[in-house]
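Here is what each chain is made of, one letter per residue.
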Amino acid sequence: MKFPAYALGLSGLIPFIALGLAAWVAPETSLTAVVVIQAQYAAAVLAFLGALYWGAALAQPEGQVQRPWLLLGWGVVLPLWAWRMTWASNWVYGMSGLFIGLAVAYGADVMLRRQLPWPAWFLQLRLWLTLGSLFGLGLTLVRLYTLKPAG
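Source: prediction; values computed, not measured.

**Brief notes about the packing of aromatic side chains**
Piece 1. Scanning the entire structure with this criterion turns up six aromatic pairs.
Piece 2. Each ring, one from Y6 and one from W121, has its centre 6.1 Å from the other, and the planes form 45°; the classification is tilted. Taken together, the positions of Y6 in helix α1 (residues 2-11) and W121 in the loop between α5 (91-112) and α6 (122-146) put the pair 115 residues apart, joining distant regions of the chain. Across this residue pair, the class does not change: Y6 and W121 are buried.
Piece 3. In this structure an aromatic cluster arises from ring pairing among Y6, Y53, W118, W121 and F122.

**Brief notes about unusual backbone geometry**
Residues apart from glycine generally show negative phi values, whereas peptide bonds are mostly found in trans.
Piece 1. For R67, which is not glycine, the phi dihedral falls at a positive 55°.
Piece 2. Tracing the chain through its elements places R67 in the loop between α3 (28-59) and α4 (68-86).

**Quick look at the pattern of salt bridges**
Piece 1. By the definition in use, this model includes one salt bridge.
Piece 2. Here D109 ties to R126 by a salt bridge, and the two come within 2.4 Å at their closest N and O atoms. Of this pair, D109 sits in helix α5 while R126 sits in helix α6, and the two are 17 residues apart along the sequence.
Piece 3. Since its relative accessible area comes to 2%, D109 is described here as buried.

**Notes on the nonpolar core**
Piece 1. Of all hydrophobic cores here, the largest spans 39 residues; its most connected members are L46, Y53, L71, M95, L98, L102 and L137.
Piece 2. Leaving out residues up to four positions away in the same chain, L98 has contacts with A39, A42, A43, L46, W81, A82, M85 and L137.

**Describing the layout of surface pockets**
Piece 1. The calculated volume of the largest pocket comes to roughly 570 Å³.
Piece 2. If you go around the largest pocket, you meet 24 residues; those closest to its centre are G9, F48, L52, F122 and L129.
Piece 3. If you list the elements that add at least two residues to the lining of the largest pocket, you get α1, α2 (13-25), α3 and α6.
Piece 4. Of the residues in the lining of the largest pocket, the class split is 19 nonpolar, four polar and one charged.
Piece 5. Reported here for the second largest pocket is a volume of approximately 150 Å³.
Piece 6. Contributing to the lining of the second largest pocket are A57, L58, Q60, P61, E62, G63, Q64, V65, P68 and L72.
Piece 7. Breaking the lining of the second largest pocket down by element, the ones donating at least two residues are α3 and α4.
Piece 8. Taken together, the residues of the lining of the second largest pocket break down into six nonpolar, three polar and one charged.

Conventions used here
Residues numbered from 1 in each chain as written. Predicted model: local features only at pLDDT ≥ 70, side-chain atom pairs only at ≥ 80, totals over all residues. Heavy atoms only, no water. Phe/Tyr/Trp six-rings, centres within 6.5 Å; stacked < 30°, edge-to-face > 60°. Helix = DSSP H or I, 4+ residues; strand = E, 2+ residues; numbered from the N terminus. Buried < 20%, exposed > 50% of the residue type's maximum accessible area, 1.4 Å probe, protein only. Salt bridge = Lys/Arg side-chain N within 4 Å of Asp/Glu carboxyl O. Core = buried A, V, L, I, M, F, W, Y, C linked by side-chain atoms within 4.5 Å. Contact = heavy atoms within 4.5 Å. 1 Å grid on protein atoms, 1.4 Å probe; cavity = no way out; pocket = protein on both sides within 12 Å on 5 of 7 lines; lining within 4 Å. Points joined across faces, edges and corners; volume = space filled by probe spheres on them. Nonpolar A, V, L, I, M, F, W, Y, C, P; charged D, E, K, R; others polar.

Written out as structure tokens, the structure is:
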């Protein structure tokens, strides 16, 4: 289980990093498309992370889930946050919100690890995936911050 999770998880970083690099080489006229695609991917990943909490809670025997409202509720907050960030009034704010969402999701994983039936190696994988996704989003954010305002 560990090898497929690492292989598939790390391959999921390709869009984050490729789009972060594309933000630097794409002409400014195409930058919006790159940002939208990366934001949509980040939102999908945050929704997936929320689903992990539902899966972890539902995989446990009935009545043995500690704080089910917290686990299931957090599983709903992540996709709602992601969705909201995809229609932010400004892409810098939206991408920053997605960046923060991915970082906070990892922090929640660390805080809630004792309540979840995840294997011991999972948090190490989550750390690498979080760092990779933040690197890709960070590349795009730095590019957005370096653009000169029109006019």
